[in-house]
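Take a look at the letters that make up each chain.
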Amino acid sequence: MIPIEQVPSLCIGIVLFPNLTQLDFTGPYEVFAKLPKVQLYLLAETLEPIRSDRGLTFLPDTTFAQAPALDVLFVPGGPGINAKMEDEKFLNFLKTQGKQARYVTAVCTGSLLLAAAV
């Protein structure tokens, strides 16, 4: 087993957008947050609250402009993808971060956003 001091830190970004499905975000968040030496970023275009498709509100902590280079880019799904499929600024962020990330992943319809960003 590798001692925790030798485990490299991991920078994970979760992209938030209006009308995402709460479970698509919070399930993976729970897992990512328990990993050792993780820097976890809740990313959005602004720091304004984001409402899920059922009304639960989340607070991003980092804007797209402030986002560091990510090791892991994660995109949840939900009905809000429809508006984001044509949002060039949003898709460019996914494309730029996706090119440099070690892992790019999504849940459910979040994968459609990743495909649109290619």
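Our structure's up above, just so we're on the same page.
The rules behind each value
- Residues numbered from 1 in each chain as written.
- Predicted model: local features only at pLDDT ≥ 70, side-chain atom pairs only at ≥ 80, totals over all residues.
- Heavy atoms only, no water.
- Phe/Tyr/Trp six-rings, centres within 6.5 Å; stacked < 30°, edge-to-face > 60°.
- Helix = DSSP H or I, 4+ residues; strand = E, 2+ residues; numbered from the N terminus.
- Buried < 20%, exposed > 50% of the residue type's maximum accessible area, 1.4 Å probe, protein only.

S.K.: Where do I start with the packing of aromatic side chains in this structure?
M.R.: Here the distance between the centres and the angle between the planes together describe a pair of aromatic rings. Going through the model one piece at a time under the given rule, you end up with 6 aromatic pairs. Aromatic side chains Phe 64 and Phe 90 sit 5.8 Å apart centroid to centroid with 55° between the ring planes, which places their arrangement in the tilted category. In this pair, Phe 64 is assigned in the loop between strand E5 (62-63) and strand E6 (72-75) and Phe 90 in helix H3 (residues 88-100), connecting sequence segments 26 residues apart. You can call Phe 64 buried: its relative accessible area is 9%. For Phe 90, a relative accessible area of 1% puts it in the buried group.

S.K.: Is there a simple way to think about unusual backbone geometry in this case?
M.R.: Generally, phi is negative for residues other than glycine and the peptide bonds are trans, each holding for most cases. Positive phi, close to 55°, is recorded for Lys 37, a residue that is not glycine. For Lys 37, a relative accessible area of 36% gives the class partly exposed. The backbone of Cys 108 sits at a positive phi, close to 50°, despite the residue not being glycine. With respect to the helices and strands, Cys 108 occurs in the loop between strand E7 (103-106) and helix H4 (110-117).

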